[in-house]
Amino acid sequence: MSDAPIVLQARDISRAFPGVQALADVQLTLRAGEVHALMGQNGAGKSTLIRILTGVHAPDAGSIELLGQSVAPRSPLHAQELGISAVHQESHLLPNLSVAENICAGRYPRLSWMRGGGIDWRETRRRARELLARLGIDLDVDQLAGGLPAALQQLAAVARAVAGDARVLILDEPTSSLDADEVRALFELIRRLRGQGVAILFVTHFLDQVYEICDRITVLRNGRFVGEYPCARLDAPGLVAAMVGRELAGAVEAVTHAAPEGAAAAVLSARNVSRRGQLQPLDVEMRGGEILGVAGLLGSGRTELARLLFALDERDTGDIEIDGRAARLERPADAVRLGLGFCPEDRKHSGIVADLSVRENIALALQARMGLRKFLAPAEQRVLAEKLVAALGISTPGIEAPIGQLSGGNQQKALIARWLATHPRVLILDEPTRGIDIAAKQELMNEIRELANGGTAVLFISAEIEEVARISDRILVLRDRAKAGELPRGAGEDAIYALIARAAS
Amino acid sequence: MNRRLLPLAVTILLFIGMATFGSVRYDGFLSLQVFLNLLIDNSFLCVAAVGMTFVILSGGIDLSVGAVMAFTTTLCAALLRAGWNPYATMAVALVLGAGFGAAQGYLIQRFRLAPFIVTLAGMFLARGCSYLISTESVPIDDATWVAIAQARIPLGFGGSLTVGALLAIATVLAAMRLAHATEFGRTVYAIGGDENSARLMGLAVNRARTGVYLLSGFTAALAGIVMSFYMLSGYSLHAVGLELDAIAAVVIGGTLLAGGVGYVAGTLFGVLILGIIQTLIAFDGTLSSWWTRIVVGVLLLLFCLLQRLFEKRSRRLA
Amino acid sequence: MKRLARHPLFWPLGALALLLALNAAFNPGFLALGWRDGHLYGHLVDILNRAAPLMVVSLGMTLVIAVRGLDISVGAVVAIAATVAALLIGGAFNAGGEAASEHPLWLALGAALLVAAGCGLWNGLLVVKAGMQPIVATLVLMVAGRGIAQLLTGGQIITVYYPPFFTIGGGFLAGLPVALWIAAALWGGLHFALSRTALGLFIRAIGGNPEAARVAGVRSGAITLCVYTFCGLAAGIAGLIVSSNVRSADANNAGQLLELDAILAVTLGGTALTGGRFTLAGTVIGALIIQTLTSTIYSIGLPPEVNLVVKAVLVFAVMLLQSADFRALFMAAQR
């Protein structure tokens, strides 16, 4: 098979930001009619490279050639004009405007001078309809984009991206919020575009998706170019090795299990909890000293369950009992007072208070639990914080440093420290290892096991099913916002996948 | 499509309801001139509120409108008194207003300052400059000005409009076209919907944001000119609190304060509703005029609460 | 010196010092203090006295801004509180020709403060329970509030003749103005409450990241309600001081533009409008700066109208300095 013609060639791209060299001598070659995967751990430089290609940043060094011509995108608009379009993780449509308008925004067809020179709305809608038909997407162009489900917004966003005769289409984590059917629909569209000769750059962290749809892979690690490989010549272990930089064999240690024998009494017992549009009625029980893992595909309701249990969202039905007694659980403050804790998925948005110090962040939940009546003086906070920082191995310039200065992994540890300080009966962890490098991940998993061994009931949610399988004493499997079943420890990933698949058919 | 028009429909229904109530309760309410007076007496508010609509659609706010209006009246009075040509005076006023607005817009957009505080300082500045020109009320007796102020354009059926009212109507029509048929207008809506997405789409966000404040400054100056026709004087204490009335008119007109949703036509009805409240109170005769402030406040509250309900409902259903 | 310059209060204090110096330069005897009629006397005392109501309102505003809120109705609340007090005291004279109060003074004052706190609570409910944007929620009371006050007074200015009432705004205690003592007590009380209880931490957390604070179990709703109620109360206290000073309640003009001055005082003092960290001392200095400014302009011989223009320039300057983008531009230009 002869190689397809090169559409975009990026050579020796380097870019630094204050304090960090984000990219150094990175190469990227995109060919017509090919889907090219861009892979790398968090912090590898994928986002920076995309921002350079779309004109958000200029490279410090290096060159970009589009169809043989040297180009230097100055802004997203300019990049689009050159033929480089991007669809980002959040679909980035304008929710208050129609689909047609979203597709044509910035490129409106105009009425002739004699008819007023304004925007030609009829033509706008016609063009949108035609484009959607060409791409095989079934959407009403007059509908407001905000009213569409996320997956359809994604498809509309792709339509917009290719509306302007894009030669290069960049898809940045497009499947993060999609379920299996929606992913299938998106891949169909991608194949169609591939057939039309578009060069597609596909960024994802889902290995199976890479092998399903991509032709080539470029791997970045710590801002450096590791290599470009045809998919057929690099298998999954090899890919992971390239991304991580060391052989994985044996790197994943078994997490020491010391689960107590015999079932302990239920600490938290939720019956029939549900919330319209988020979670169907389900029962869940958490026992002291036990790690209950929650596995499921994206969109299966994992975070929604966590938020309902912690009363972050109001439940429509169901009761929750703590230690066998009915609990009034209407807001997070209630949950905290009852001895629950919650590490949210998005620690930047719902976890840390960036401007406050590490000490204050750690002490916050404990103080909240104590209320206004009792005061945790700064001196006491200091003692507490120092103890936990040492215990968890948090790397920080000091406990008075603003927590925003710490790295993601250390922020996560600090958040866990916050809840440890409250000696929780129940701790809910939503994606605690996300965005953390492998070494720190292992440490964290061990801490969590320690915590459970101490008697806390832990809810462990993760998108990485093998992680859930590894650490849990019991596994709750979710599918399409409902319970698919429960599995005992040692069930293995295959059993989990089977349970999800069975529920589907 | 229909969901977007709902707030506007509510506003129009409210106006019709109030008009009906008035004509049933008071004699002489249902006359053409009474309705035309709504527009005549509130022509300057209408012009200012139109500019404010764009600012609010973009998710911002402009508190300097009343002060710019007052400044315009004192400036015009002073220039006319100094013997300036009336049309040149108008031109200077409009250019200064637009420039002032553009400067505010630039600060907001370039340095990402909060619109509230920038236009608040702008309010101080404009009124301060107005005081510097004159602290007393300066009457305007320029012949052209007076002629324009007193002109009445007959509409038939015994009704007539002032130049000010005509300017108000023209402003509304021009703004409607701007909002619906130009790139600028759509970009304003886009910014109000999701600024980040608008930027990523490559829309000229920065220019549009500076533009809405320029427009607001321009309409404020134009409103000031119309006000000077109405009052035939230049006074630094004119239009105190008028920006609040403008905001109220825009909100009651169905534009969401968060931005992105709303129609210029709605603002026109918002202004008319404010006018009709005052007319109703005047016709009643027993209520003091302070009730206007209270009713406007209550209406503003109701509409804001309705908007919140609307937002909550649509988020739940999505 | 450089470390001193990094202290958050450095610039506000420096600005205040500069203004005082300007005053002293143009107005010999500005810094002079004397003793007259049993109390301290001098320009400085005047400034402190007149700044007191602004200090009080600004302290309340500081906390509201710290929780990412805003209260532009404080001016209207000042008018309402003044009106309630004046109405309850009344302008009556008793049989002996002495000014008397229709109701006991404590009742009049108490009612006024209760109503003011009620206004604050109303604002808080709109923001917390109805989820309205703070500027809009408080806009409602700003628009309607003065109307209500006018309604209560029937459009008249109510004059008060009852001497004990005048001590609030015009009296002296141990040589210093009573109003100043009130402001100082409020400042002290707040400082104590915020640093010796969890309140300070909670407010900073709510302002720093409202969602994170909620997840951590902080009762954000209740605390925000308290903050707005307190702001209303502070405005009420200021209203009593102001009306006591002018010996009347003018529903139209009392507290006019006060909200703008209060926000300016808070910003000048170093508290960011984005919420989170705040400084009470900075606010007090900010209020003093604004009051000194008026006096400086007078001393220099500029017309009082310049006041507004100068305030505007100040706000722009502080805003730009607080803006990261501006500082980046400035530093880039320096290289």
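Residues numbered from 1 in each chain as written. Chains lettered and ligands numbered in written order. Predicted model: local features only at pLDDT ≥ 70, side-chain atom pairs only at ≥ 80, totals over all residues.

## Here's the deal with the overall build of chain C
Along the backbone of chain C there are 15 helices and six strands. Its C-alpha atoms give chain C principal-axis dimensions of roughly 75 × 55 × 35 Å. Looking at chain C as a whole, 53% of its 335 residues are labelled buried. Here the analysis covers contacts within chain C between residues at least 6 apart in sequence; of these, 77% occur between residues at least 24 apart. (Helix = DSSP H or I, 4+ residues; strand = E, 2+ residues; numbered from the N terminus. Buried ≥ 20, exposed ≤ 12 C-beta atoms within 10 Å, placed from the backbone. Contact = placed C-beta atoms within 7 Å.)

## Notes on the overall build of chain A
A tally of regular secondary structure across chain A gives 17 helices and 20 strands. For chain A, whose C-alpha radius of gyration is 25 Å, the value lies close to the compact-globule estimate of 23 Å for 505 residues. Over its C-alpha atoms, taken along the principal directions, chain A stretches across nearly 75 × 45 × 45 Å. Counting every position in chain A, which comprises 505 residues, the buried fraction comes to 47%. Here the contacts in chain A between residues at least 6 apart in sequence split such that 67% fall between residues at least 24 apart. (Rg over C-alpha atoms; globule rule 2.2 N^0.38 Å.)

## Topic: the interface of chain C and chain B
The partner chain B presents 35 residues to the 32 residues of chain C that form the contact. Those elements that provide at least two residues to the side of chain C that touches chain B are helix 6 (134-153), helix 14 (306-322) and helix 15 (324-334) of chain C. The dominant element in the side of chain C that touches chain B, judged by the number of residues it contributes, is helix 6 of chain C, at 12 residues. Along the lines of polarity and charge, the residues of the side of chain C that touches chain B split into 22 nonpolar, six polar and four charged. (Nonpolar A, V, L, I, M, F, W, Y, C, P; charged D, E, K, R; others polar.)

## Considerations on the domain arrangement of chain A
Annotation of chain A at the domain level lists domain 1 (6-83 + 165-244), domain 2 (264-339 + 424-505) and domain 3 (352-422). Inter-centroid distance (C-alpha atoms) of domain 1 of chain A to domain 2 of chain A is 35 Å. (Domains from an automatic or database assignment.)

## A short note on helix 3 (residues 43-57) of chain B
Residue and element names in this part refer to chain B. If you check helix 3, its first and last C-alpha atoms are 21 Å apart, about what 15 residues at 1.5 Å a residue would give, namely 21 Å. Burial analysis of helix 3 places 15 of its 15 residues in the buried class, the great majority of the element. Following helix 3 by one or two positions, G59 adopts a phi angle in the positive range, close to 90°. (Expected span 1.5 Å × (residues − 1).)

## A look at the sheet that holds strand 19 (residues 474-479) of chain A
All names here are of chain A. Taking strand neighbours across the sheet as the criterion, the six strands line up as 16-17-18-13-19-20 in an open arrangement whose pairing is mixed. Every interior strand has two partners, whereas the edge strands, strand 16 (340-343) and strand 20 (482-488), have only one. Going across the sheet, the axis of each strand differs from the next one's by a mean of 20°, ignoring polarity. By the bridge criterion, four bridges tie strand 16 to strand 17 (residues 426-430) in an arrangement that is parallel. The residue bridging G341 from the neighbouring strand is L427, located in strand 17. Contacts between helix 15 (residues 438-453) and the sheet are confined to strand 13 (291-295), strand 17 and strand 18 (457-461), with strand 18 contributing the most and set at about 150° to the helix. (Pairing = 2+ DSSP bridges. Axes fitted to C-alpha atoms, helices over the stretch in contact; angles between N-to-C directions.)

## Quick notes on unusual backbone geometry
Located in the positive-phi region is L67 of chain A, a residue other than glycine, with phi close to 55°. In this structure, L67 of chain A sits in the loop between strand 4 (61-66) and strand 5 (69-71). The phi dihedral of R68 of chain C is positive, around 65°, even though this residue is not glycine. Within the secondary structure, R68 of chain C sits in the loop between helix 3 (43-66) and helix 4 (74-89).

## Things to note about the pairing of strand 18 of chain A
All names here are of chain A. Taking burial as the measure, the five residues of strand 18 include five buried ones, the bulk of the element. Of the two faces of strand 18, the one lined by A457, L459 and I461 and the one lined by V458 and F460 are each fully buried. Across four bridges, the pairing between strand 13 and strand 18 is parallel. Bridge pairing in strand 18 places G293 opposite F460. In this sheet, strand 18 lies alongside strand 17 in parallel orientation, the contact comprising five bridges. Looking at the pairing, V426 lines up with A457 of strand 18.

## Regarding the environment of Y298 of chain C
Mapped onto the elements, Y298 of chain C comes out in helix 13 (residues 280-300). Residues Y298 of chain C and F26 of chain C, 272 residues apart in the sequence, show an inter-C-alpha distance of 9.6 Å.

## Re the nonpolar core
In this structure, A48 and L300 of chain B together with V56 and A81 of chain C are the most contacted members of the largest nonpolar core, which totals 383 residues. Among the elements that take part in this core, helix 10 (residues 205-231) of chain B stands out by supplying 15 residues, more than any other. Leaving out residues up to four positions away in the same chain, L300 of chain B has contacts with A248, V251 and I252 of chain B together with L139, V140 and V143 of chain C. (Core = buried A, V, L, I, M, F, W, Y, C linked by C-beta atoms within 7 Å.)

## Quick look at the pairing of strand 2 (residues 153-156) of chain B
Residues and elements named next belong to chain B. Relative to strand 3 (residues 159-161), strand 2 runs antiparallel, the two being bridged by three bridges. Across the sheet, the residue bridging to P154 is S160, located in strand 3. Connecting strand 2 to the next strand, strand 3, in antiparallel fashion are two residues, including F157 with a positive phi near 55°.

## Details of the sheet that holds strand 11 (residues 266-275) of chain A
Residues and elements named next belong to chain A. Pairing in this open sheet of four strands is antiparallel, and the strands run 12-11-14-15 from one edge to the other. Looking at the sheet topology across the chains shown, the edges are occupied by strand 12 (279-287) and strand 15 (325-326). As defined by bridge partners, strand 14 (residues 317-322) adjoins strand 15 across two bridges and the pair is classed as antiparallel. Across the sheet, residue I322 finds its bridge partner in strand 15, namely R325. Sheet strands touched by helix 9 (residues 302-309): strand 11, strand 12 and strand 14. Its angle to strand 11, the strand with the most contacts, is close to 115°.

## Section: helix 8 (residues 163-181) of chain B
Residue and element names in this part refer to chain B. For helix 8, built from 19 residues, the straight-helix expectation of 27 Å at 1.5 Å per residue is met to within 8% by its first-to-last C-alpha distance of 26 Å. Residues of helix 8 that are buried include every one of G164, A165, L167, A168, T171, V172, A175 and A179, and no others. What you see down the axis of helix 8 is that its buried residues fit within an arc of 155°, all on one side. Of the exposed residues in helix 8, the ones pointing more than 90 degrees away from its buried face are A170 and A174. The inward-facing, buried residues of helix 8 abut helix 2 (32-41), helix 3, strand 3, helix 9 (183-200), helix 10 and helix 12 (264-284). (Arc of directions from axis to C-beta.)

## Remarks on the packing of helix 12 (residues 258-268) of chain C against helix 13 of chain C
Residue and element names in this part refer to chain C. Taken N-terminus to C-terminus, the directions of helix 12 and helix 13 make an angle of 120°; their axes are 7 Å apart at the nearest point. Regarding the angle of helix 12 to helix 13, the classification is oblique. At the point where helix 12 passes helix 13, the crossing takes the right-handed sense. Here D261, L264, A265, V266 and L268 of helix 12 lie close against helix 13, whose contacting residues are T283, G286, A287, I289 and I290. For the contact of helix 12 with helix 13, the per-class residue count stands at seven nonpolar, two polar and one charged. (Parallel < 35°, antiparallel > 145°, perpendicular 65-115°, else oblique. Left-handed = near helix turned anticlockwise from the far one by under 90°.)

## Things to note about the environment of A249 of chain B
Residue and element names in this part refer to chain B. Among the structural elements, A249 can be located in helix 11 (residues 242-252). A249 sits 23 residues away from L272 along the chain, and the two C-alpha atoms are 8.4 Å apart. When near neighbours in sequence (up to four residues on either side) are disregarded, A249 contacts L45, A49, T267, G270, V271 and L274.

## Re the environment of V183 of chain A
Residues and elements named next belong to chain A. Position of V183 relative to the elements: it lies in helix 6 (residues 180-195). Here V183 falls in the buried class, since 20 other C-beta atoms lie within 10 Å of it. Between the alpha carbons of V183 and Q209 there is a distance of 9.1 Å; along the sequence they are 26 residues apart. Those residues in contact with V183 that lie beyond four places of it in its chain are T175 and L178.

## With respect to the packing of helix 3 of chain C against helix 13 of chain C
The relative placement of two packed helices is expressed as an angle between their axes plus a distance between the axes. All names here are of chain C. Their axes nearest at 8 Å, the elements helix 3 and helix 13 cross at an angle of 135°. Comparing the axis directions of helix 3 and helix 13 gives the class oblique. Once helix 3 is placed against helix 13, the crossing between them reads as right-handed. Seen from helix 3, the contacting residues are H43, I47, R50, A51, L54, M55, S58, L59 and T62; seen from helix 13, they are L280, T283, V284, G286, A287, L288, I290, Q291, T292 and S295.

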